[in-house]
Amino acid sequence: MDYFEVKERDGPGRTGELRMGGESAETPLLAEHTRAGVLLGEILLKESGTAYHPAVGDTAPDYPSPLRADERVLAELEERSTAAASPEHVAATVHGGEDVGLRRRAASALEGFPLLILGSAPALDASPRKLSNVVPAVREAARPDAAIYAPGLALPWSVPLLIYAGIDLLDDSAARIAAARNTYLERDRASPLEELEETVCPCPACLDGNPESFEGLLRHNRATLETEVRLSRAAVARGQLRELVEGRIRTKPWLVAALRHLDENRDYVEERTPTFRRSEMLACGEEALRRAEVTRFAERMHGRYEPPDADAAVILPCSAGKPYFTSRSHSKFRRATGDRALEIVLTSPMGAVPRELETVYPVAHYDVPVTGHWSEEEIAWMTTNLENLLGGREYGEIVAHVRDEGYVEAVKRVEENLGVEARYTSIDNHPTSDESLADLEEGLRGFRTDIDRYAEGTRCVADYMLGKGAGTALLDGAEVRGRYPSLRVERDGEVLATAVPAYGSLAFTLRARDVFPSDYVVEIEDFVPMGSVLAPGVVDAPEGIRPGDEVLVEGPSATCVGRARMSGDEMARSRRGVAVDVRHREEI
Amino acid sequence: MTVAELVRELREKRRERERPKDPEEPSAHWPGTDRVGHDVMTSYTVILRTRGCRLASGSGCTVCGYPFEGTGGVGAREVRRQLETALADAPDESLYLKLFTSGSLLDEWELPVDAQRAVVEALRSDGRVARLSIETLPGFVTEETLSRIDGPYELEVATGLETSSDAVRQLCLNKALTFEDYAGAVEAARGFGADVKTYVLLKPPFLPEPTALRDAVRSGIDAFDAGSESVSLNLCNVQRGTLVEHLHRRGEYRPPWLWTAHEAVRRIKRYAGDRLVISDPVASGKKRGPRNCGECDDSAARALERFSLEQEPSILDGADCSCKTEWEQRLLLEEHTHHPNPLTSIDG
Ligand SMILES: [Zn+2]
Ligand SMILES: [Zn+2]
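In this convention, every chain numbers its residues from 1, walking through the sequence in written order. For this description, chains carry letters from A and ligands carry numbers from 1, given in the order in which they are written. Predicted model: local features are reported for residues with pLDDT of at least 70 only, side-chain atom pairs are reported and counted for 80 or more only, and whole-chain, interface and lining totals are derived from all residues. Excluding hydrogens and water, the side-chain figures rest on all heavy atoms present in the structure.

## Some remarks on the domain arrangement of chain A
Residue and element names in this part refer to chain A. An automatic or database domain assignment supplies the residue ranges for each domain. What the domain assignment reports for chain A is domain 1 (3-264), domain 2 (305-443) and domain 3 (459-587). Here the C-alpha centre of domain 3 lies 32 Å away from the C-alpha centre of domain 2. Taken together, the contact pairs 13 residues of domain 2 with 12 residues of domain 3. In terms of surface lost to domain 3, no three residues of domain 2 exceed E306, T359 and V360, which account for 40% of the buried area on that side. Salt-bridge detection follows one rule: a side-chain nitrogen of Lys or Arg within 4 Å of a carboxyl oxygen of Asp or Glu. Where domain 2 meets domain 3, there are one salt bridge. E306 is the salt-bridge partner of K468, the closest N and O atoms lying 3.8 Å from each other. Between N or O atoms, a polar contact is any pair within 3.5 Å; within protein, one atom must be a potential hydrogen donor and the other a potential acceptor, and residues adjacent in sequence are included only when both atoms are from side chains. Viewed at the interface, domain 3 and domain 2 are joined by four residue pairs in polar contact (both at pLDDT 80 or more). By the convention used here, residues are in contact when the closest approach between their heavy atoms is within 4.5 Å. Buried area, as used here, totals the accessible surface that two parts lose on assembly, with accessibility defined by a 1.4 Å probe and the loss added over both.

Shown next as structure tokens:
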């Protein structure tokens, strides 16, 4: 049985296993062109027999390979050639040139194939707009468990971005062409061999002396590409592909443009980006502001977060330590505020974070260079989010305990937009100086001190995960125990949920099944899942489910609770792969 | 949009910019040297201006830029004038006259019967022509049409098969013709006692280089099997107003490598034995023509020309260049990637 199975997802980038003709290969991978055919790991794709295009052997083809894209003529050529793709073929080519509609049509017409080849892929090189249109279109129209192979496209500097964009297999074309032209490939450049002053590469070909023969140079060039593919594969497994990409795109402007265009295609990226995970999120460039994790946090906060019942609000600076409460500065702030106010932390790239959500992913997981200088884009982002948080109700006092110019600017804009006035308590002093802290305390004097931090934090995280109202339902008749942030919710001595600080989420038990709204209920066929629910067992799944989300699984024979490994759309359309890791199950 | 529609659209766009042609002036004429059987003859090529190819009046081939050579009102008088002008410059010796139009000389829609007869009369009275080659689509080759142009010379019918694959001819070339039509024409010509020369096109649009190579070799072999006496391998170049030009502009067509032509000629010749395999690399070394790396284009093209005269495969072995490695790699990669110009940004 030939198939592709996705293992881990990190945005559109993913790892997987391709199995064909009894051999298997791990993706992302670098395909090798050999005389015998294309080598995908251990899998040999041949020109005939398991042919992937209809030109056979040394005879004239029955059909030409109409792969040189001219979208205007492709509609005709494609229709005639698709007829030639016979069932014994393991892979088929998605034509369509720049025409996204044609590409979509071709990809969905070829849904039986575990491997789809991107026709005219080389035309996407250094064409950020085309790349960020075509690749998502093909991925969206194809089945989620079809591997995408883009031949003739990879260059060392573009590999991480291509994989992030959603391509599973790349090839060594560049290594070959460069070697034939006496060109030496490095991570960020290609140089004529004769102009190379010294080689710092530790690959066997370079260590053996100069890679001057075609074969030697080919070995080095391929190793350079292969390294980038492996780094990307490891980064997906670690949940840090985006970090790798943001680091690598600096070497070519077109790569920066391509990532921006991809981010503009937000739904495509967001749907595939895990909601809760343990990896650190590094916000080292302005692209971080447009990350799906960041925009999704703001979106969920806006739609799902219900602030605690407080008459005062206080605006605080972020801390280097995460979650914020673990830092020295915040423990001082906490003493001064004494549970009397809605606490909002200004930060980049998250914008503005209420205290209750300080433990969720990625708020507890990000790191950002802190210089005290914030860009206009960052200030605008903080302003939007702060305004959303404060706009819901009127506060008797808004205390701005911030000093950095950028923070102050954001607060000033919010004051103007909302027509409110803030009391500044740290303008000239350091926020943690005794004087400032005394000022802060003074600002909140007389307000109620009855906010139950543990309960409110738990309620807000549950809302953040499952939607408004889930937290209240969870806490109904229950109590919150444990030591922050390792809390658990119990009712009648039974645990409903446990906080998992490493993932920034709550892990629910079956006792909490009523807390799940239909948006997070996966319907399965008539069986009792053991460790996991596989995609083919899923009858239907709501579209809003993201990898990492907590879900309730319901079928005629069992009810389970667990963590989604793929999006709802992928669960519904995939033939393979783990859909949900089951934590608790109950037979009916 | 279909290929046929796109070809027509591109052609109409181009036609608007064409100046009207003088019906009394031939399109072109030039002397040369050609292999005929075991001999080498002085040849003279004349391209008569006619109404133009009948196929092109509908849609036309994806590679052919000749439709703009056509003009209205060419009858017997005009053809006589054209021949007079052309032959005035011909060498004063026994000639192998290659008399072409931009279409089919035997097509009476293109060149009326009395004009065709006028041609024969003119050649008869000129007296220098020992061998006449005329170009035509296979569909116009019958005993009747051939007898119209028969005269005191050996007759050769040159016909553009382009490829023996009907699918490639239809999809890539948009040329309305089947292999069966061609085989029938060969039979008719041979029955009449004429020789047949078959044109095979190396690298129609949409075919990757290695597929194009196989297609050309296969087609050459099929042409010989059908009874053709010689095969002429035409190397596709980028002509104005064609679909090929449109693709070329977008980086989606590269004319064939001269190394591919060498390889095709070598393989066809291996099958042909004593029969002639020739190739005249028009526009070689130019951006719009067949080429290698730029350094070796001249020597590779010269080798093809010499081979065409001497029919000696070792002539091709003499040409070499370091770019052969890149050509080999591209053949390997295009076999798998189906794209003409992978990784153009590699150097940037
Ligand atoms: Zn090396
Ligand atoms: Zn060369």
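## What to know about the coordination of the zinc ion (ligand 2)
Residues and elements named next belong to chain B. Looking at the zinc ion (ligand 2), one finds its protein donor set to be C293 (SG), C296 (SG), C321 (SG) and C323 (SG), positioned 2.2 to 2.3 Å from the metal centre. Spacing between the donor residues of the zinc ion (ligand 2) along their common chain follows C-x2-C-x24-C-x1-C. Taken together, the positions of C293 in the loop between β8 (276-278) and α11 (297-310) and C321 in the loop between α12 (314-317) and α13 (323-337) put the pair 28 residues apart, joining distant regions of the chain. By relative accessible area, C293 is classed as partly exposed at 37%. Ligating atoms shown are N, O and S within 2.8 Å of the metal, or 3.2 Å for Na, K and Ca, and water is not included, meaning a site may look less than complete. In DSSP terms, a helix is any run of H or I states spanning at least four residues, a strand is any run of E spanning at least two, and both are numbered starting from the N terminus. Any residue under 20% of the maximum accessible area for its type is buried, any over 50% is exposed, and the rest in between are partly exposed; the area is computed with a 1.4 Å probe on protein chains only.

## Here we look at the coordination of the zinc ion (ligand 1)
Residue and element names in this part refer to chain A. Here the zinc ion (ligand 1) is held by the protein donor atoms C201 (SG), C203 (SG), C206 (SG) and H220 (ND1), which lie 2.0 to 2.3 Å from it. Considering all four donor atoms around the zinc ion (ligand 1), the spread of angles at the metal, 99 to 119 degrees, places the coordination shape in the tetrahedral class. Within one chain, the residues donating to the zinc ion (ligand 1) are spaced in sequence as C-x1-C-x2-C-x13-H. Pair noted here: C201 is in the loop between β12 (190-192) and α6 (204-207) and H220 is in helix α7 (residues 214-238), with a separation of 19 residues, a long-range link. A single burial state applies to C201 and to H220, both of which are buried. Only four donors with every angle between 85 and 135 degrees are called tetrahedral; only four or six donors with opposite donors over 155 degrees apart and all others between 65 and 115 are called square planar or octahedral, in that order; all others are irregular.

## Describing the sheet that holds strand β1 (residues 28-36) of chain B
All names here are of chain B. The eight strands are arranged β1-β2-β3-β4-β5-β6-β7-β8 in an open sheet whose pairing can be described as mixed. What marks the edges here is a single partner per strand, and that holds for β1 and β8. Going across the sheet, the axis of each strand differs from the next one's by a mean of 25 degrees, ignoring polarity. Think of it this way: DSSP has to see at least two bridges between two strands before they count as a pair. Pairing between strand β6 (residues 195-202) and strand β7 (residues 230-235): six bridges, direction parallel. Considered in β7, the bridge of Y199 is made with S232. Sheet strands touched by helix α10 (residues 258-272): β6, β7 and β8. Its angle to β7, the strand with the most contacts, is close to 170 degrees. To obtain each axis, a line is fitted to C-alpha atoms, and for helices this fit is confined to the stretch in contact; angles are then taken between N-to-C directions over 0 to 180 degrees. On the sheet, α11 packs against β1, β2 (39-47), β7 and β8 and is oriented at approximately 60 degrees with respect to β1.

## As for the packing of helix α11 (residues 292-304) of chain A against helix α16 (residues 453-466) of chain A
All names here are of chain A. Between α11 and α16, whose axes approach to 9 Å, the crossing angle comes to 110 degrees. Classed by the angle they form, the pair α11 and α16 counts as roughly perpendicular. The two elements α11 and α16 cross, and the hand of that crossing is right-handed. Residues F297, R300, M301 and R304 of α11 form the contact with α16, whose own contacting residues are D463, Y464, M465 and L466. The class makeup of the residues in the contact of α11 with α16 is five nonpolar, no polar and three charged. Orientation labels follow simple angle bins: below 35 degrees gives roughly parallel, above 145 gives roughly antiparallel, 65 to 115 gives roughly perpendicular, and whatever is left gives oblique. The crossing is said to be left-handed when, going from far helix to near helix, the turn is anticlockwise and less than a right angle, and right-handed when the turn is clockwise. Gly counts as polar in this scheme, as do all residues outside two lists: the nonpolar Ala, Val, Leu, Ile, Met, Phe, Trp, Tyr, Cys and Pro, and the charged Asp, Glu, Lys and Arg.

## What to know about unusual backbone geometry
Here the residue pair T27 of chain A and P28 of chain A is connected by a cis peptide bond, since its omega of 0 degrees sits within 30 degrees of zero. For P28 of chain A, the location among the structural elements is in the loop between β3 (23-27) and β4 (29-34). For the peptide bond that leads from S348 of chain A to P349 of chain A, omega is 5 degrees, which places it in the cis range. Positionally, P349 of chain A belongs in the loop between β15 (341-347) and β16 (351-354). Of note, the phi angle at N182 of chain A is positive, near 60 degrees, even though the residue is not glycine. Along the chain, N182 of chain A turns up in the loop between α5 (173-180) and β11 (183-185). Unlike most non-glycine residues, E162 of chain B shows phi in positive territory, near 70 degrees. Tracing the backbone through its elements, the reader meets E162 of chain B in strand β5 (residues 154-162).

## Some words on the nonpolar core
Residues and elements named next belong to chain A. Residues L357, L390, L474, F508 and M571 are the most contacted members of the largest nonpolar core, which totals 84 residues. Two domains each provide a minimum of three residues to this core, namely domain 2 (305-443) and domain 3 (459-587). Here L390 is in contact with A313, I315, L342, I344, Y395, I398, V414 and L418, once residues within four sequence places are set aside. For the purposes of this section, nonpolar cores are sets of buried Ala, Val, Leu, Ile, Met, Phe, Trp, Tyr and Cys residues that join through side-chain atoms within 4.5 Å.

## Quick word on helix α1 (residues 3-15) of chain B
Residues and elements named next belong to chain B. Expected helix span is given by 1.5 Å per residue-to-residue step, counting one fewer step than there are residues. In this model α1 runs 18 Å from its N-terminal to its C-terminal C-alpha over 13 residues, within 8% of the 18 Å that 1.5 Å per residue would give. Taken residue by residue, α1 has V3, L6, V7, L10, R11 and R14 as its buried positions. Buried residues of α1 fall within an arc of 130 degrees about the axis and therefore sit on the same side. Summarising the geometry, the arc corresponds to the directions from the helix axis toward the C-beta atoms.

## Let's talk about the environment of T325 of chain B
Along the polypeptide, T325 of chain B turns up in helix α13. The exposure class of T325 of chain B is partly exposed, given its relative accessible area of 25%. In this structure, T325 of chain B is in contact with A180 and F214 of chain A, ignoring residues within four places of it in sequence.

## Brief notes about the state of the cysteines
Where two cysteines share a covalent bond between their sulfur atoms, that bond is called a disulfide. Disulfides are defined as cysteine sulfur pairs within 2.5 Å. By the definition in use, this model includes zero disulfides over all chains. Here C64 of chain B is not disulfide-linked; the sulfur of C61 of chain B is the nearest cysteine sulfur, at 5.9 Å.

## Considerations on the pattern of salt bridges
Where charged atoms from two side chains of opposite charge come close, those side chains can pair. If you walk through the whole model with that rule in mind, you get 86 salt bridges over all chains. Ionic pairing is found between R181 of chain A and E326 of chain B, a salt bridge with its closest N-O pair at 3.3 Å. Note that R181 of chain A is positioned in the loop between α5 and β11 and E326 of chain B in helix α13, a pairing that runs across two chains. You can call R181 of chain A partly exposed: its relative accessible area is 30%.

## A look at the packing of α10 of chain B against α11 of chain B
Residue and element names in this part refer to chain B. Axis separation between α10 and α11 bottoms out at 10 Å; the angle between their running directions is 20 degrees. In this view, α10 runs roughly parallel relative to α11, as classed from their interaxial angle. The two elements α10 and α11 cross, and the hand of that crossing is left-handed. Contacts from L258, W259, A261, H262, V265 and K269 in α10 reach D297, A300, A301, A303, L304 and F307 in α11. When its residues are assigned to classes, the contact of α10 with α11 shows nine nonpolar, one polar and two charged.

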